[in-house]
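A closer look at the structure
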Amino acid sequence: MKKKNRLTFWESLIIMLVMFGMLGTMMIAWKMTPQIPILLTFTLLLFYGRFRGFSWKELQDGIAEGIKPGIISMIIFIMIGVLVSAWSMSGVIPTIMVYGLELLNVRFFLFTVFISCCLVGVIVGSSFTTISTLGIVFMGIGHVMGINVALTAGSIVSGALFGNNMSPLSGTTNLSTGIAGVDNVFDHIRTIAHTAVPSAIVTAIIFLVVGHSTANPDMSSVHHIISALNANFFISPLMLIPIAVLIFCAIVQVPAIPTLLAGSITAIIMHIFIDHPTVKAVSDQIMNGFQLHSADKKINAIVSGGGITSMLGSISLILVALTLGGVLLKLGVVDNLIGKLNSQVNTPGKLILTSMISAIGVNFLVGEQYISIILPGATFKENFEKQKLQPEYLSRVLASGGADINALVPWGVTGIFISGVLGVSPVVFISCAFYVWMNPLLTVIFAFVFGKNYGKAKSPKTTMVREVSEQLN
């Protein structure tokens, strides 16, 4: 970037405030579709950059650089659309719903959802996979049971992100570890467990208490749904095979895209052998999603969905959000704001608070979880070294403030994904995703209370014992 057209800190701050003001007014007050406000903001920012002396080529390079980190995510979105359609048409999702409705108690529903998503998240190492498989099923079951949609979505998201944090297979976990300079991913996991486990315990208790206050569902309606699913689909334990394939691929660390393809292809092959559809019918459903046309409109709405086209709206939102983020990065807005915070830290508590604010800020500015990990990590790594703090405490900040908070940003990649798959905006479930905002909060609180020990501990395990001991005393 040329020095003559570099933006000042105050200029960057004003841009950020104006941008959030515009986005908030149009998206929240005027209830506009997010793509339009973001595109309008991007347009104004683009011309402002040209006015400030940036060439069109520089700005276009910024757009390309902004989009690049999201390309794999967009391909994953397409694969998930295929997976959902394949699992619906074959009977995988209906089978899980039938077993879930027969086994789940409404008063323990939210608690069970949270724990199940935690366990599957740890196994598969992907919050996206957990949400797009178990999440869809639990949303359908919750709808039948009459559970508040925000609570159901909040329990799914909370469990999926806890599992993502605690899994050595997680992409964001390994990225946070690498950026912070942690030698062993399990050192990072042990350290983030100091805040993640208490946050998860409190979250589980909340869902248990809230679930017990939930009214009993109309069981005749539940039995009707079970009967309708049995009448329209082949319900059998055999239909759990695609799930086993998905979990196996995750355990042996097959990347996300081939894992999703394996789960989809297995379901499609089973569908072909069981129901004998035409090739064109399968192709149409993969592209446009599965549509059940039974006499029961309620069951049609619950099990229909998926397909590549169902993800195009989310992908377009990711594109415009990353485009806006790329221009902000090219103009130096993000660097200016983080750089200013960088100069204000002189204690472990202040450093971790500042790092957390930066990670959250980048999430809201750029909307991309990987950038929200990379930028603050690269910026504050030297500060952690100067204060002789263990790098695991930086990776903990990056995982909670960078990866997790992205789920609560309406234009963030994870937030867009959740909204597209579960049909619930982050604005709706944000207050119920207790784990997602509790973990970063505890990370900051622990830093001020126990930060003096972060550089002295011989290992994360030693510090964990000290933190627990001091809490008990």
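Our subject is the structure that appears above.
Starting afresh in each chain, residues are numbered from 1 along the sequence in its written order. Note on the predicted model: pLDDT of at least 70 is required for a residue's local features to be given, and 80 or more for side-chain atom pairs to be given and counted; whole-chain, interface and lining totals, by contrast, use all residues. Excluded from the side-chain calculation are hydrogens and water; included are all heavy atoms of the structure.

Describing the overall build of the protein chain
Heads up, the rule is: Working definition: helices are DSSP H or I runs of at least four residues, strands are E runs of at least two. Numbering for both runs from the N terminus. In this description the radius of gyration comes from C-alpha coordinates, and the expected globular size is given by 2.2 Å times residues to the power 0.38. Residue contacts are defined here by distance: any two heavy atoms, one from each residue, within 4.5 Å place the two residues in contact. Neither His nor the chain termini are counted; the positive set is Lys and Arg, and the negative set is Asp and Glu. For this purpose, a charge sits on NZ of Lys, CZ of Arg, CG of Asp or CD of Glu.
Secondary structure assignment for the protein chain yields 24 helices and 0 strands. The C-alpha radius of gyration computed for the protein chain amounts to 23 Å, which stays within 12% of the reference 23 Å derived for 473 residues, consistent with globular compactness. In terms of overall dimensions, the protein chain has C-alpha extents of about 70 × 60 × 40 Å along its principal axes. In the protein chain, the share of contacts with a sequence separation of at least 24, taken over all contacts with a separation of at least 6, comes to 77%. Mean positive and mean negative side-chain charge positions of the protein chain (26 and 19 charges, respectively) differ by 10 Å.

A word on the nonpolar core
This is how it is decided: Nonpolar cores were defined as sets of buried Ala, Val, Leu, Ile, Met, Phe, Trp, Tyr and Cys residues, with membership established by side-chain atoms within 4.5 Å. Throughout this description, buried means an accessible area under 20% of the type-specific maximum (1.4 Å probe, protein chains only), exposed means over 50%, and partly exposed covers the range between.
Formed by 145 residues in total, the largest nonpolar core has its most connected members in Phe 77, Ile 80, Phe 109, Phe 138, Ile 141, Leu 328 and Leu 422. Setting aside residues no more than four positions away along its own chain, Leu 422 makes contact with Ile 131, Gly 135, Ile 136, Met 139, Ala 153 and Ile 156.

Quick look at the pattern of salt bridges
For clarity, the threshold we go by: Any carboxyl oxygen of Asp or Glu that lies within 4 Å of a side-chain nitrogen of Lys or Arg is treated as forming a salt bridge with it.
For the coordinates displayed, the defined rule picks out 6 salt bridges. One salt bridge connects Arg 52 with Glu 11, and the closest N-O pair in it is separated by 2.6 Å. Of this pair, Arg 52 sits in the loop between α2 (35–51) and α3 (56–67) while Glu 11 sits in helix α1 (residues 9–29); the two residues are 41 residues apart in sequence, bridging distant segments of the chain. Here Arg 52 and Glu 11 have matching classes, each one buried. Across the pair Asp 187 and Arg 190 runs a salt bridge, and its minimum N-O distance is 2.2 Å. Of this pair, Asp 187 and Arg 190 both sit in helix α10 (residues 185–212), 3 residues apart, roughly one helical turn. The class of Arg 190 is partly exposed, set by a relative accessible area of 38%.

Re unusual backbone geometry
The backbone phi angle of His 276 is positive, close to 55 degrees, even though this residue is not glycine. Inspection of the secondary structure assignment puts His 276 in the loop between α13 (256–275) and α14 (279–288). With a phi angle near 55 degrees, Lys 388 is a residue other than glycine that sits in the positive phi range. Looking at the element boundaries, Lys 388 is found in the loop between α19 (369–386) and α20 (391–404). On the basis of relative accessible area, Lys 388 is assigned to the exposed category, the value being 65%.

A short note on the packing of helix α6 (residues 109–124) against helix α8 (residues 149–166)
Two quantities define a packed helix pair, namely the angle between the helix axes and the distance between the axes. Quick reminder of the rule: Whenever a helix is involved, its axis is fitted only over the stretch in contact; in every case the axis is a line through C-alpha atoms, and angles between N-to-C directions fall within 0 to 180 degrees. Should an angle fall under 35 degrees it is called roughly parallel, over 145 degrees roughly antiparallel, and 65 to 115 degrees roughly perpendicular, with every other angle called oblique. Should the near helix be turned anticlockwise from the far one by less than a right angle, the crossing is termed left-handed; should it be turned clockwise, right-handed. Amino acids outside the nonpolar list (Ala, Val, Leu, Ile, Met, Phe, Trp, Tyr, Cys, Pro) and the charged list (Asp, Glu, Lys, Arg) are all regarded as polar, and Gly is one of them.
One can describe the packing of α6 onto α8 by two numbers: an axis separation of 7 Å at closest approach and a directional angle of 25 degrees. It follows that α6 is roughly parallel to α8 by the angle criterion. As for the relative orientation of α6 and α8, their crossing is right-handed in sense. From α6, Phe 109, Leu 110, Val 113, Phe 114, Cys 117, Cys 118, Gly 121 and Val 122 reach across to α8, where they touch Leu 151, Thr 152, Ser 155, Ile 156, Ser 158, Gly 159, Ala 160, Phe 162, Gly 163, Asn 164 and Met 166. Its residues assigned to classes, the contact of α6 with α8 shows 12 nonpolar, 7 polar and no charged.

Considering the layout of surface pockets
Defined as follows: Here a cavity is any set of points on a 1 Å grid over the protein atoms alone where a 1.4 Å probe fits but cannot get out, and a pocket is any open set with protein on both sides within 12 Å along at least 5 of 7 lines; a residue lines the site when it has an atom within 4 Å of a point. Grid points are joined across faces, edges and corners, and a volume is the space filled by probe spheres set on the points.
Considering only enclosed or pocket space, the largest pocket measures out at about 640 Å³ in volume. Along its surface, the largest pocket is lined by 29 residues, and Gly 125, Ser 126, Leu 169, Gly 171 and Ala 256 are the ones closest to its centre. Of all the secondary structure elements, the ones that give two or more residues to the lining of the largest pocket are α4 (71–90), α7 (127–145), α9 (171–180), α12 (241–251), α13 and α19. No other element matches α13, which puts 4 residues into the lining of the largest pocket. Along the lines of polarity and charge, the residues of the lining of the largest pocket split into 15 nonpolar, 14 polar and no charged.

Side note on the packing of aromatic side chains
The test is simple: Two aromatic rings, drawn from Phe, Tyr or Trp (for Trp, its six-membered ring), form a pair once their centres lie within 6.5 Å of each other, and the interplanar angle then sorts them: stacked below 30 degrees, edge-to-face above 60, tilted otherwise.
Within this structure, the stated rule accounts for 17 aromatic pairs. For the ring pair Tyr 393 and Tyr 454, a centre distance of 3.8 Å and an interplane angle of 0 degrees mean the geometry is stacked. In this pair, Tyr 393 sits in helix α20 while Tyr 454 sits in the loop between α23 (434–450) and α24 (460–472), placing the two residues 61 residues apart along the sequence. A residue is classified by how much of its surface remains accessible, and Tyr 393, at 1% relative accessible area, is buried. For Tyr 454, a relative accessible area of 0% puts it in the buried group.

Some points on α2
Each full turn of the α-helix corresponds to 3.6 residues, which orients residues three or four apart in the same direction. What counts, and what does not: Expected helix span is given by 1.5 Å per residue-to-residue step, counting one fewer step than there are residues.
Taking 1.5 Å of rise per residue, 17 residues should cover 24 Å, and α2 covers 24 Å from first to last C-alpha, within 8% of that figure. Inspection of α2 places Gln 35, Pro 37, Ile 38, Thr 41, Phe 42, Leu 45, Leu 46 and Gly 49 among the buried residues, and these make up the whole buried set. For α2, the secondary structure elements touched by its buried residues are α1, α3 and α16 (312–331). Of the residues one or two after α2, Gly 53 is the one with positive phi, at around 105 degrees.

Side note on the state of the cysteines
For clarity, the threshold we go by: Note on terminology: disulfide denotes any pair of cysteine sulfur atoms within 2.5 Å.
If you walk through the whole model with that rule in mind, you get 0 disulfides. With no disulfide partner, Cys 117 has as its closest neighbouring cysteine sulfur the one in Cys 118, 7.4 Å distant.

What to know about the environment of Asn 453
In this structure, Asn 453 sits in the loop between α23 and α24. On the accessibility criterion, Asn 453 (9% relative accessible area) is buried. Residues Asn 453 and Pro 348 lie 105 residues apart in sequence; the distance between their C-alpha atoms is 9.3 Å.

A few points about the packing of α8 against α23
Two elements in contact, α8 and α23, have axes separated by 7 Å at closest approach and are oriented at 45 degrees. The orientation of α8 relative to α23 falls into the category oblique. Counting all contacts with α8, which are made through Val 157, Ser 158, Leu 161, Phe 162 and Asn 165, the residues of α23 involved are Phe 434, Tyr 435, Val 436 and Asn 439. When grouped by side-chain class, the residues that make up the contact of α8 with α23 number 6 nonpolar, 3 polar and no charged.

So, the environment of Phe 47
Of note, Phe 47 is situated in helix α2. On a C-alpha basis, the gap between Phe 47 and Leu 59 in space is 9.6 Å, while along the polypeptide they are 12 residues apart.

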